[in-house]
Amino acid sequence: MITPEKRFSKLIYKADNICIISHHNPDGDAIGSALGLYHILKKKKKNPVVIIPNHLPDFLQWMPSAENILLYQNNPNEVCKKLAECNLIIMVDFNSLSRLGKMENCFENVTAPIVLIDHHPYPDIKAEVMFSDIRVSSTAELVYQVTQASGLIKNIGKEAAACLFTGIMTDTNSFTVNSSRPITYKTTAALLKYGIDKDEIYRNVFNTFSTERMQLLGYLLSEKMVIIPEYKTAFISMSLAEAKKYQFKTGDSEGFVNYPLSIKGIIFSAFLMERKDHIKLSFRSRGNFSVNKLIAQHFSGGGHKNAAGGEVFNMTLEEVSQKLVSVLPIYKELCD
Ligand code: 5GP
Ligand code: MN
């Protein structure tokens, strides 16, 4: 029987122009996985391009070849053309085409085979080859393992290693969550052998925010955090006016949702952010509380058991906050 890894390496062998794509509002794992693969395929003398639907946050712009990423929002026609003409599409770190926003429309004209490498539950993408594993810490970890098993490993260099390390580091919140399997550390150890400076990568990602972002965080924690002890819940909401006052830039809210989880007894934390035409939700939990189910059933979105996100249209920030409080009793049993 021909293994998925063999089929993957055959598809790579046959293809020259390869599109690597990831999701809307990309995070460190999305970009780390995509650019990691990009560097591996470059070394293999292929012609890869990384495409994302929208803005790359500042804290990821240092990544090697980030400047070569193509944004659909800046050039939709060129992106649709590339997707229609390439020989292979590799999708990383998402499980449904709806995570591409408007870029999903380009897929009407796609004929190239699709490979999916992802760690979200319930993938619903029709792919020629699918590597989908919810046990891995991150898609970046899975990219390493897939490239190893399919014989591409000799094409990993320092740049690819830095990108894949970033994906693992960000999705595990610096090895504090989703990181209890020994293989995650074996993979990380293998990446460190390529001479990357992990401390510098950490600083590039987590220690390059503006003064205003720090002050916004202080304001939200002291003035806007709502604690609901009976449901072991804490949530923070941020309006557009508050964001503006602190000169908010995309990426500034990264990590805000994690802070309330460091309070003793809190197992569910939510961050609600007003945007121009919708409310962006970020949910995090500890243990058995499935935030992906909560968000899918009562709001709009998905993700992992302990980390989920979504977007709600046609409701105000206040209405979403009230709805969140109103659905908590249904989940009380999960808090006990
Ligand atoms: P974050 O809160 O960091 O934006 O997202 C946490 C996780 O939730 C992401 O890794 C992703 O899996 C998922 N997620 C975020 N936003 C959305 C969304 O709009 N729709 C869906 N289905 N999943 C999302
Ligand atoms: Mn991920």
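Structure shown above.
We now turn to the structure provided with this report. (Residues numbered from 1 in each chain as written. Chains lettered and ligands numbered in written order. Predicted model: local features only at pLDDT ≥ 70, side-chain atom pairs only at ≥ 80, totals over all residues. Heavy atoms only, no water.)

**Observations regarding the coordination of the manganese ion (ligand 2)**
Here is step 1: Coordination of the manganese ion (ligand 2) by the protein involves D29 (OD), D93 (OD), H119 (NE2) and D171 (OD), with metal-donor separations of 2.2 to 2.3 Å.
Here is step 2: Read in sequence order, the donor residues for the manganese ion (ligand 2) give the motif D-x63-D-x25-H-x51-D. Of this pair, D29 sits in helix α2 (residues 28–43) while D171 is found in helix α5 (residues 158–171), placing the two residues 142 residues apart along the sequence. Both residues of the pair, D29 and D171, belong to the buried class. (Donors = N, O, S within 2.8 Å, 3.2 Å for Na, K, Ca; no water. Helix = DSSP H or I, 4+ residues; strand = E, 2+ residues; numbered from the N terminus. Buried < 20%, exposed > 50% of the residue type's maximum accessible area, 1.4 Å probe, protein only.)

**Quick look at the sheet that holds strand β12 (residues 307–312)**
Here is step 1: Strand order across the open sheet formed by six strands is β7-β8-β9-β10-β12-β11, with mixed pairing between neighbours. Taken across any chain shown, the strands that pair with only one partner, and hence form the sheet edges, are β7 (225–228) and β11 (301–303). Taking the axes of each pair of neighbouring strands and ignoring which way they run, one obtains an average angle of 15° across the sheet.
Here is step 2: With six bridges connecting them, strand β10 (residues 279–285) and β12 associate as antiparallel partners. By the bridge assignment, F283 is partnered in β12 with A308.
Here is step 3: Across the face of the sheet, helix α8 (residues 211–224) comes into contact with β7, β8 (233–238) and β9 (268–274) while running at roughly 125° to β8.
Here is step 4: Sheet strands in contact with helix α11 (residues 317–327) are β7, β8, β9, β10 and β12, and its direction is about 165° off that of β9. (Pairing = 2+ DSSP bridges. Axes fitted to C-alpha atoms, helices over the stretch in contact; angles between N-to-C directions. Contact = heavy atoms within 4.5 Å.)

**Brief notes about the sheet that holds strand β6 (residues 129–132)**
Here is step 1: One open sheet holds the six strands; their spatial order is β3-β2-β1-β4-β5-β6, and the pairing between them is parallel. Taken across any chain shown, the strands that pair with only one partner, and hence form the sheet edges, are β3 (70–71) and β6.
Here is step 2: Examined bridge by bridge, strand β1 (residues 17–21) and strand β2 (residues 47–52) share five bridges and lie parallel to one another. Bridging across to β2, C19 finds its partner in V49.
Here is step 3: Along the sheet, α2 makes contact with β1, β2, β4 (88–92) and β5 (114–118), crossing β2 at roughly 170°.

**What to know about the site of ligand 1**
Here is step 1: Around ligand 1, the structure places 13 residues, and the nearest of them are H120, K280, S282, R284 and G309.
Here is step 2: Measuring from an oxygen atom of ligand 1, one finds a side-chain N or O atom of H120 at 2.5 Å.
Here is step 3: Between ligand 1 and the protein, one listed contact pairs an oxygen atom with a side-chain N or O atom of R284 at 2.9 Å.
Here is step 4: In isolation ligand 1 has 490 Å² of accessible area, and contact with the protein removes 79% of it.
Here is step 5: Elements that contribute at least two residues to the shell around ligand 1 include exactly β10, β11 and β12.
Here is step 6: With four residues, the single largest contributor to the shell around ligand 1 is β12. (Near = heavy atom within 4 Å. Polar contact = N/O pair within 3.5 Å; in protein donor to acceptor, adjacent residues only side chain to side chain. Areas by Shrake-Rupley, 256 points an atom, 1.4 Å probe, with all protein chains shown as cover.)

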